[in-house]
Amino acid sequence: MSTPPAQTAANRTGAATGIRVAIVVVVVAVAAFLFQRLRVTHDFFDLKIYLSAVRWWGDGNELYDYAQPDRVQGALYFTYPPFAAALLFPFGLLPTGMVAALFTLGTVAAVLLTTYWLVAPLARRWGQPAWFAVGVAAPLVLLIEPLRETLTFGQINMLLIVLIMMDLLVLGPRGSRWTGVGIGLATAIKLIPGLFIVYLLVTRRFRPAATATVTAAGATLLAAAIAPRASWQFWTSALWDTARVGRLDYTGNQSLQGLLARLVAPHEPTKWVWLLLALAVLAFGLWRAARAGRAGDAVAGLALTGLLSALISPITWPHHLYWFVPAIVALVAAGLDATGARRWGWLAFAAAAYAVPLLGVVSLVDWGVAAVPTDTPGLFLARNAYVLASLALVAFLPIRDRSSDYLMSRVD
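Residues numbered from 1 in each chain as written. Predicted model: local features only at pLDDT ≥ 70, side-chain atom pairs only at ≥ 80, totals over all residues. Heavy atoms only, no water.

*Asks:* Could you clarify how one ought to interpret the overall build of the chain in this entry?
*Replies:* Broken down by element type, the chain carries 18 helices and 2 strands. A compact globule built from 412 residues should have a C-alpha radius of gyration of about 22 Å, and the chain, at 22 Å, falls within 12% of that. Overall, the chain is about 85 × 50 × 45 Å in size when its C-alpha atoms are taken along their principal axes. For the chain, with 412 residues in total, the buried portion stands at 51%. Counted over contacts in the chain with a minimum sequence separation of 6, partners at least 24 positions apart contribute 74%. Here the chain contributes 30 positive and 19 negative side-chain charges, whose respective centroids are spaced 11 Å apart. (Helix = DSSP H or I, 4+ residues; strand = E, 2+ residues; numbered from the N terminus. Rg over C-alpha atoms; globule rule 2.2 N^0.38 Å. Buried < 20%, exposed > 50% of the residue type's maximum accessible area, 1.4 Å probe, protein only. Contact = heavy atoms within 4.5 Å. Lys, Arg positive; Asp, Glu negative; His and termini not counted. Charge placed at Lys NZ, Arg CZ, Asp CG, Glu CD.)

Pasting the structure below:
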């Protein structure tokens with residue numbers, strides 16, 4: 001007796017689902033194993049700075065006078081704007097262990113959400129369930145050094161990523177009048193996301209740019225009304241003191257200025273050289289980001305702007321470099337859309353781009369505390385891996401027209 005066609009189809013669907021589940025389980029297991037092998041434990045060091053600073057502030061002290069000893073940097077301070085301090089203040093009332101658990105869960109949830117926004121359209125284009133794409137991709141995202149460092153430091157980076165990506169990948173494509181609010185809030189929390197306002201301007205999205213600007217200004221003024229002394233101290237003094245953040249030459253600083261500082265350590269790099277280099281990279285990168293945005297390649301525009309923000313910032317730690325993720329997604333998408341040698345070329349580029357944040361610059365090598373120059377080609381490559389890879393991505397990340405770009409698909 002033959003099997004009915006409907007039952008045969010159901011059996012095939014069930015088998016395919018079983019295979020997908022097995023693949024996800026294997027990826028999760030391998031990623032968890034590698035995570036433990038690659039992870040460097042920082043015992044929520046940055047989170048403890050946040051909490052100690054706002055508790056110190058709550059006791060009547062000046063917020064930006066708080067300093068915490070560090071073996072590499074000497075002393076680290078609370079460096080975020082007063083609006084961020086106001087948001088963090090309620091967490092200072094909770095036990096540190098509870099806040100660490102909340103931040104960890106929040107980071108994992110943010111990775112799952114942002115990964116869905118990035119890969120669900122690609123999965124639909126290629127006939128795969130979104131849950132399968134997320135199940136494979138999210139463990140790989142959590143495995144890279146920027147996320148390993150974010151989790152073990154207790155950083156707030158993924159909150160900013162969610163706010164920015166909500167605007168550019170979800171609200172923007174829907175034409176929502178709220179587009180820009182997320183970027184504005186992210187800018188008020190940590191200033192460097194303000195580059196995404198420039199991105200909105202160069203892509204001629206003037207209303208979202210205005211919304212972001214007004215939101216950032218409103219949040220900043222609200223913080224000034226709540227904490228006028230802290231706001232005055234931040235905007236007139238603390239903001240301009242880069243020594244509060246850390247050493248420029250330390251290997252963990254993966255910005256253009258960090259690269260220059262490591263070339264001349266223990267001396268300071270010449271400021272005008274850095275400014276000229278940063279302006280040149282910024283102009284070229286914004287030109288490419290504008291092309292991506294106007295072509296409708298939302299993820300390429302997102303990745304290019306994020307990588308630029310890391311390159312031009314005076315100090316960029318590995319946990320700031322989530323932007324490799326959308327860049328890799330754009331490379332994979334370009335590879336899947338191409339044929340022949342071009343397909344394998346884009347996919348090889350994606351694999352190489354993933355290898356950089358997978359291995360990282362501080363997880364496998366303890367660079368010590370000495371300020372030493374990078375005086376060999378090998379050291380130059382090893383100590384500047386993110387900077388060099390970011391420059392390559394800014395220069396060569398593929399930009400595709402909206403007529404064939406899966407990334408313009410609306411995220412449901």
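Having seen the model, we can carry on.
*Asks:* Honestly, the pattern of salt bridges in this entry has me stumped. Any pointers?
*Replies:* Once the charged atoms of two side chains with opposite charge are near each other, the side chains can pair. With the rule as written, the count across this model stands at 5 salt bridges. Of the charged contacts, one joins D43 and K48 as a salt bridge, the two residues approaching to 2.9 Å between their closest N and O atoms. Of the residues examined, D43 reaches a relative accessible area of 47% and is grouped as partly exposed. In this structure K48 comes out as partly exposed when scored by relative accessible area, which is 29%. Here R247 and D249 are joined by a salt bridge, their closest N and O atoms 2.9 Å apart. Taken as a pair, R247 and D249 share a single burial class, namely buried. (Salt bridge = Lys/Arg side-chain N within 4 Å of Asp/Glu carboxyl O.)

*Asks:* What should I look at first to understand the environment of L364 in this one?
*Replies:* Along the chain, L364 falls in the loop between helix 16 (340-359) and helix 17 (377-383). On the accessibility criterion, L364 (52% relative accessible area) is exposed. Along the primary structure L364 and R39 are separated by 325 residues, whereas in three dimensions their C-alpha atoms are 8.9 Å apart. In this view, L364 contacts L38 and L359; residues no more than four positions away in its chain are not counted.

*Asks:* Please explain the confidence of the model for the chain as it appears in this structure.
*Replies:* With 93% of its residues at a pLDDT of 70 or more, the chain shows a mean pLDDT of 90. Per-element mean pLDDT across the chain ranges from 76 in strand 2 (residues 74-77) up to 98 in helix 18 (residues 385-396). (pLDDT = per-residue confidence, 0-100.)

*Asks:* Got a minute to help me understand the packing of aromatic side chains in this structure?
*Replies:* In this description, an aromatic ring pair is defined by two values, namely the gap between the centres and the angle between the planes. Within the structure shown, the criterion is met by 16 aromatic pairs. Taken together, a centroid distance of 6.0 Å and an interplanar angle of 50° make the contact between Y64 and F78 tilted. Of this pair, Y64 sits in the loop between helix 2 (45-58) and strand 1 (67-70) while F78 sits in the loop between strand 2 and helix 3 (82-88), placing them 14 residues apart in sequence. Taking relative accessible area as the criterion, Y64 reaches 1% and is therefore assigned buried. A residue is classified by how much of its surface remains accessible, and F78, at 1% relative accessible area, is buried. Ring pairing ties together the aromatic residues Y50, Y64, F78, Y80, F234 and W235, which thus form one cluster. Stacked on the ring of W287, the Lys or Arg R291 has its end atom at 5.3 Å from the ring centre. We note R383 situated over the ring of W367; from NZ or CZ to the ring centre the distance is 5.5 Å. (Phe/Tyr/Trp six-rings, centres within 6.5 Å; stacked < 30°, edge-to-face > 60°. Lys NZ or Arg CZ within 6 Å of the ring centre and 35° of its normal.)

*Asks:* I keep staring at a nonpolar patch on the surface and nothing clicks. Help me out?
*Replies:* A surface patch of nonpolar side chains, amounting to about 340 Å² of accessible area, comprises V26, V30, F33 and L34. Tracing the chain through its elements places F33 in helix 1 (residues 5-38). (Patch = residues over 30% accessible without salt bridge, like charges linked within 9 Å, V, L, I, M, F, W, Y side chains within 5 Å. Areas by Shrake-Rupley, 256 points an atom, 1.4 Å probe, with all protein chains shown as cover.)

*Asks:* Before we go on, may I ask you to explain the nonpolar core in this structure?
*Replies:* Soluble, globular proteins show a tendency: their nonpolar side chains are buried together. Counting residues in hydrophobic clusters, the biggest one holds 121 residues, and the most contacted among them are F78, L118, L169, Y322, F324 and L397. The residues contacting Y322, other than those within four sequence positions of it, are T114, L118, V141, P146, L147, M158, I161 and M165. (Core = buried A, V, L, I, M, F, W, Y, C linked by side-chain atoms within 4.5 Å.)

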